[in-house]
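Descriptive analysis of the structure
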Amino acid sequence: MSSELLVDLGEDPATAQLGQLKLTTVDDQQWPADESTLSKSETDISQCFDAGSPHLPWDHPFYDIARHQIIEVAGDDNFGRKVIVFNACRMPPQHQLDHHKLLMYLKGTLDQYVESDYTLIYFHHGLTSENKPSLSWLRDAYREFDRKYKKNIKALYIVHPTMFIKTLLILFKPIISFKFGRKINYVSYLSELEDVVKCEQLLIPARVKEYDNKLRASVKPTVQPPMSPPHSPPLHSQVFGVPLALLRQRNPDGDPVPVVMRDTISFLCEQGLEIEGIFRRSANVTLVKEVQLRYNSGATVNFREMEDVHLAAVILKTFLRELPEPLLTYQLYNDIVNFTLSSERQVALMKTLIESLPEENYAPLRHLITFLAKVSANNEVNKMTNSNLAVVFGPNLLWGRDNAMSLSAIGPINNFTRILLDHQHLVFT
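Parameters at a glance
- Residue numbers restart at each chain and count upward from 1, following the sequence in its written direction.
- For a predicted model such as this one, the threshold for reporting local features is a pLDDT of at least 70, and the threshold for listing and counting side-chain atom pairs is 80 or more; totals across whole chains, interfaces and linings nevertheless cover every residue.
- Heavy atoms throughout the structure, all of them, feed into the side-chain values; hydrogens and water do not.
- We call a set of buried residues a nonpolar core when its members are Ala, Val, Leu, Ile, Met, Phe, Trp, Tyr or Cys and they connect through side-chain atoms within 4.5 Å of each other.
- Accessible area is worked out with a 1.4 Å probe on protein chains only. A residue is then buried under 20% of its type maximum, exposed over 50%, and partly exposed in between.
- Only DSSP runs of H or I covering at least 4 residues are called helices, and only runs of E covering at least 2 are called strands; the numbering of each starts at the N terminus.
- Contacts were defined at the residue level, with two residues in contact if any of their heavy atoms lie within 4.5 Å.
- Any helix carries an expected span of 1.5 Å times its number of residues minus one.
- Distance and chemistry together define a polar contact, namely a pair of N or O atoms within 3.5 Å, with one atom able to donate a hydrogen and the other to accept it when in protein, and with adjacent residues in sequence counting only for side-chain atoms on both sides.
- Any residue with an atom within 4 Å of a point lines the site, the site being either a cavity, points on a 1 Å grid over the protein atoms alone where a 1.4 Å probe fits but cannot get out, or a pocket, an open set with protein on both sides within 12 Å along at least 5 of 7 lines.
- Grid points are joined across faces, edges and corners, and a volume is the space filled by probe spheres set on the points.
- Here, strands pair whenever DSSP counts at least two bridges between them.
- Only the contacting stretch of a helix is used when fitting its axis, a line to C-alpha atoms as for every element, and angles between N-to-C directions run 0 to 180 degrees.
- An angle counts as roughly parallel when it lies under 35 degrees, as roughly antiparallel when it exceeds 145, as roughly perpendicular when it falls between 65 and 115, and as oblique in every other case.
- It is the rotation of the near helix from the far one that decides the hand of a crossing: anticlockwise by less than a right angle makes it left-handed, clockwise makes it right-handed.
- Note that Gly is not counted as nonpolar here; it falls among the polar residues with everything else outside the nonpolar set of Ala, Val, Leu, Ile, Met, Phe, Trp, Tyr, Cys and Pro and the charged set of Asp, Glu, Lys and Arg.

1. Observations regarding the nonpolar core
- Counting 64 residues, the largest nonpolar core has Leu268, Phe279, Ile354, Leu365, Leu368, Phe371 and Phe393 as the members making the most contacts within it.
- No other element matches helix α13 (residues 309–321), which puts nine residues into this core.
- Not counting the four nearest positions on each side in its chain, Phe371 is found in contact with Ile265, Leu268, Cys269, Leu273, Phe279 and Leu316.
- Membership of the second largest hydrophobic core comes to 43 residues, among which are Ala66, Tyr113, Ile153 and Ile158.

Shown next as structure tokens:
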């Protein structure tokens, strides 16, 4: 990967030349008809963007955008940052996609995460002459993203870049800030993404995977790109990526709350409750891996010696995200995604759902939520309300069996988490 993208090649080519760049021919597909009638003048995201709907109905203002699954949220990366994925191959032909609404939908998605550090992954394969947006739209889109969107984006990874995208970045050099340009990275092969995020948690389109395999096959054997590292068998003392039931069995005193959660929460209760933006910042990836290795080797970890609140926060989120099955379990996935009862019955049903969890899930969840309630109680200082905490922890408490998170599901999951935090004193009594 390289961030040396915006090199000066002399005089910028005429912008009209961009449209002359030859792209691959779009594959034959039966694209569904565009069913939206929303005016392009509609820009009020707060009114028309509703990620809280389990399944966007056909008459929803953003239904015709969401149904293509161009934009996805894929949990956290290896640095503890939220991952937003943009799939070019899922963009239909230009006449079947309202690009203004696509931009509004992307902004509505990012609005949920821009207060935290986040990573954007763009799968470029599949952008064709038929579905590529106009140069003027791209220019306006970049300008539409003001400082609040650019401030906390820590990296933009362009996967399978072509001469088209490289030329595009050169053309945009006059309006792309040097600081933002340094965040852009090229990724030639999917295996390179493993340094950033676990690829199995990404819903990588089949077309992208097939293209990656073709690229590999075309490379000479002596210079083959590295394959994704194979999954090694767990160590005897491993705690990350290990089922909660097994961790409980290993615990000498039978405590169902895993040691990682006990250590991080204890430290954060002491030193993190008044830290502004706690759980919103990323951590040094080397330190994260070092702490994980120490836990997995059976060594004791003392966060008080490291005095790094954000490291402990990332370790807690990483532990939850790397569980083989989410803390709220796959069994409750459909119940939670479709949790839409009236307020009078919400708490009663939520209590029933939570109490149906196995003890090795119930006890850690209670320990975590009780702690997060303390964090929220200090929200005037740390700026982490129940809603903000729900956005951070919802995707780390529940995800689908395919590991990724569709935008139609993430809203209900975050909403469930917020209600759980609002009423934790009733749910856990």
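2. Describing helix α11 (residues 285–296)
- Its twelve residues give α11 an end-to-end C-alpha distance of 16 Å, which sits within 8% of 16 Å, the value for a rise of 1.5 Å per residue.
- Here the buried face of α11 lies against α10 (259–271), α12 (303–306) and α13.
- The residue sitting at the N-terminus of α11 and contributing the capping side-chain oxygen is Asn284; that oxygen lies 2.8 Å from the backbone nitrogen of Thr286.
- Immediately beyond the C-terminal end of α11, within one or two residues, lies Gly298, with a positive phi of roughly 90°.

3. Overview of the layout of surface pockets
- Empty space within the second largest pocket amounts to approximately 370 Å³.
- As for the second largest pocket, its lining consists of 20 residues, and the residues nearest its centre are Ser237, Val239, Leu247, Arg250 and Val259.
- Elements that contribute at least two residues to the lining of the second largest pocket include exactly α9 (244–250) and α10.
- By residue number, the principal contributor to the lining of the second largest pocket is α9, which donates four residues.

4. Comments concerning the sheet that holds strand β5 (residues 184–187)
- Taking strand neighbours across the sheet as the criterion, the five strands line up as β1-β2-β3-β4-β5 in an open arrangement whose pairing is mixed. Two strands in the sheet have a free side with no partner beyond their single neighbour: β1 (71–76) and β5. Averaged over all pairs of adjacent strands, the angle between strand axes in this sheet comes to 20°, irrespective of strand direction.
- Across six bridges, strand β3 (residues 118–123) lies against strand β4 (residues 153–159) in parallel orientation. Each bridged residue has a counterpart across the sheet, and for Tyr122 the counterpart in β4 is Ile158.
- Helix α6 (residues 163–171) rests against β3, β4 and β5 of the sheet, and its axis sits at about 165° to β5.

5. Description of the pairing of β5
- Both faces of β5 are covered, namely the face carrying Ile184 and Tyr186 and the face carrying Asn185 and Val187.
- Judged from the four bridges that link them, β4 and β5 form a sheet pairing that is parallel. Bridge pairing links Tyr157 to Asn185 in β5.

6. Quick notes on the packing of helix α16 (residues 359–377) against helix α18 (residues 386–397)
- Between α16 and α18, the shortest axis-to-axis distance is 10 Å and the interhelical angle comes to 155°. Between α16 and α18, the angle falls in the class roughly antiparallel. Here the hand of the crossing between α16 and α18 comes out right-handed. Contacts between α16 and α18 involve Leu365, Leu368, Leu372, Val375 and Ser376 on the former and, on the latter, Asn386, Leu389, Phe393 and Leu397.
- Residue classes in the contact of α16 with α18 are distributed as seven nonpolar, two polar and no charged.

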